[in-house]
Amino acid sequence: MPAIIAHGGAGRYSPGEEHERGLKDAVAAGWEVLDSGGSALDAIEAAIVVLEDFPVFQAGFGSAMNIKGEIQTDASIMLGDLSCGAVAALTAAANPIKAARLVMEKTDHVLIVGDGADHLAQSYGLESRDLRSDARKEMYDRMLAKLRAGEEVAWYLPRLREVAADMSMGTVGAVAVDSEGRIASGTSTGGPMLKLPGRVGDAAVIGAGTYANENGGVSATGVGEPIIKHALAKKAVDLIADQGAREGIETLMEYARIKKVRFGIVAVEENEAIALGYTTEAMSWVSMKDGELKTFLSTGIGVRKDDGDDGTAKDDSSGKVLET
Ligand code: ASP
């Protein structure tokens, strides 16, 4: 039986109805592919495209801007047979995940950045779009004004920590296993607001934000730099191979807690087990397995809305591992 899970980012934010709607639409799009015998690759691409097009998420349309007000998106995609592709600092493609898939399927490379990535996307006819939403422009203006006034503005830059609550993370990702047991995973983001031009995050780095092999697949989200340093996606899949999805992610979260890595992750195992965990205040995700849809919206500060029947982690949203 196939399975799919999609996430809408980990961080400090309050997932609401829009997040839920976007994630449900995304999982429905992916499930439609899986249910009709389609591949895990097509399923996660379909799911991530929905999320990229949904302005509330911070990927594709509605991406955060770098400090110069420019959009530079990162995305990656990987299959259980180790095929993979990634793009970074892409400026105009409406759906960066499709550009990552182009790198995987049409080139001899794994990661293409900047102008080269834009050129590849354009030459294969991918749709271009101004990815700056009004809401994101307002956020940018607000944060820039604080920066100009000499105030601290962004938590991922240590001197800019105070308005952390203002930050809405919203990277997206999806992992799936299809009816033939093939695994695929993908991640897409605009990166954090006010990042430096040219900064590339974990979402473009195979082994950091995205990884898949014959044992499992994962998509991670959170502050990109520590996720890269700890190679968390690869570590997660190795742990899943040794311990299974639930225990593997459990072990990973314990490691992340000890190392103080704030992040979230969704994982699928080759036996269709789905697991997810996070050490951030909030995370949102929706899964579909055996035809059953499950929604988890952590709203931070110890509150979690749970449409599923899992029952764990109702009282606390921090450092939790769930299996659906
Ligand atoms: N991991 C992303 C990055 O650092 C951000 C996120 O997941 O929200 O680019």
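## Notes on the site of the ligand
(1) Moving on: Taken together, 11 residues surround the ligand, and among them Thr171, Arg199, Asp202, Thr221 and Gly222 come closest.
(2) Moving on: Thr171 places a side-chain nitrogen or oxygen 2.8 Å from an oxygen atom of the ligand.
(3) Moving on: Contact between the ligand and Arg199: an oxygen atom at 2.8 Å from a side-chain N or O atom of the residue.
(4) Moving on: Here the ligand has 270 Å² of accessible area as a free molecule, and 99% of this is covered by the chains.

## Notes on the pattern of salt bridges
(1) Moving on: Counted by the stated rule, this structure contains 14 salt bridges.
(2) Moving on: Taking the shortest distance from any N to any O, the salt bridge between Arg101 and Glu45 comes out at 3.4 Å. Within this pair, whereas Arg101 is found in helix α3 (residues 96-106), its partner Glu45 is found in helix α2 (residues 40-53), the two being separated by 56 residues in sequence. Note on accessibility: Arg101 and Glu45 belong to one class, buried.

## Section: the nonpolar core
(1) Moving on: Core analysis: the biggest nonpolar cluster contains 42 residues, and Ile4, Ile44, Leu51, Ile77 and Val87 have the highest contact counts within it.
(2) Moving on: No other element matches α2, which puts eight residues into this core.
(3) Moving on: The residues touching Val87, leaving out its near neighbours within four places in the chain, are Thr73, Asp74, Ala75, Pro96, Ala99, Ala100, Val103, Leu111, Ile112, Ala117 and Ala204.

## Things to note about the pairing of strand β2 (residues 73-79)
Sheet faces and side chains relate simply in a regular strand, where the side chains alternate between the two faces.
(1) Moving on: Among the seven residues that make up β2, seven are buried, leaving the element largely enclosed by the rest of the structure.
(2) Moving on: Covered by surrounding structure in β2 are Thr73, Ala75, Ile77 and Leu79 together with Asp74, Ser76 and Met78, the residues of both alternating faces.
(3) Moving on: Sheet analysis places β2 next to strand β3 (residues 84-90), joined by five bridges and oriented antiparallel. Residue pairing for β3: Met78 is matched across the bridge by Cys84.

## Let's talk about helix α5 (residues 134-148)
Think of an α-helix as 3.6 residues a turn; residues three or four steps apart then line up on the same face.
(1) Moving on: An ideal rise of 1.5 Å per residue puts 21 Å on 15 residues; α5 measures up with 21 Å between its terminal C-alpha atoms.
(2) Moving on: Turning to α5, its buried residues are Arg136, Met139, Tyr140, Met143 and Leu144. Seen along its axis, α5 keeps its buried residues to an arc of 130°; they face one direction. Away from its buried face by more than 90 degrees, α5 exposes Asp134, Ala135, Glu138 and Arg148.
(3) Moving on: Positive backbone phi, approximately 80°, marks Gly150, located one or two places after α5.

Definitions and cut-offs
- The residue numbering used here restarts from 1 in each chain and proceeds along that chain's sequence as written.
- Selection of residues for local features in this predicted model requires a pLDDT of at least 70, selection of side-chain atom pairs for listing and counting requires 80 or more, and totals for whole chains, interfaces and linings are taken over all residues.
- Side-chain metrics in this entry use all non-hydrogen atoms of the structure; hydrogen atoms and water are not considered.
- Here a residue is considered near a molecule or strand provided that any single heavy atom belonging to it is located within 4 Å of it.
- What qualifies as a polar contact is a pair of N or O atoms within 3.5 Å, subject to a donor-acceptor requirement within protein and to the restriction that residues adjacent in sequence count only when both atoms come from side chains.
- All accessible areas in this document rest on Shrake-Rupley with a 1.4 Å probe, and a residue is counted as covered only by the protein chains that are shown.
- Salt bridge, as applied in this entry: a Lys or Arg side-chain nitrogen positioned within 4 Å of an Asp or Glu carboxyl oxygen.
- Numbering of helices and strands starts at the N terminus; helices are DSSP runs of H or I of at least 4 residues and strands are runs of E of at least 2.
- For every residue, the accessible area obtained with a 1.4 Å probe (protein chains only) is divided by the maximum for its type, and the residue is called buried under 20%, exposed over 50%, and partly exposed between those limits.
- The term nonpolar core refers to a set of buried residues drawn from Ala, Val, Leu, Ile, Met, Phe, Trp, Tyr and Cys, joined through side-chain atoms within 4.5 Å.
- The contact criterion used is simple: two residues touch if any of their non-hydrogen atoms lie within 4.5 Å.
- A pair of strands is treated as paired once DSSP finds two or more bridges between them.
- Given a helix with a known number of residues, its expected span is that number minus one, times 1.5 Å.
- Arc, as used here, means the arc of the directions from the helix axis to the C-beta atoms.

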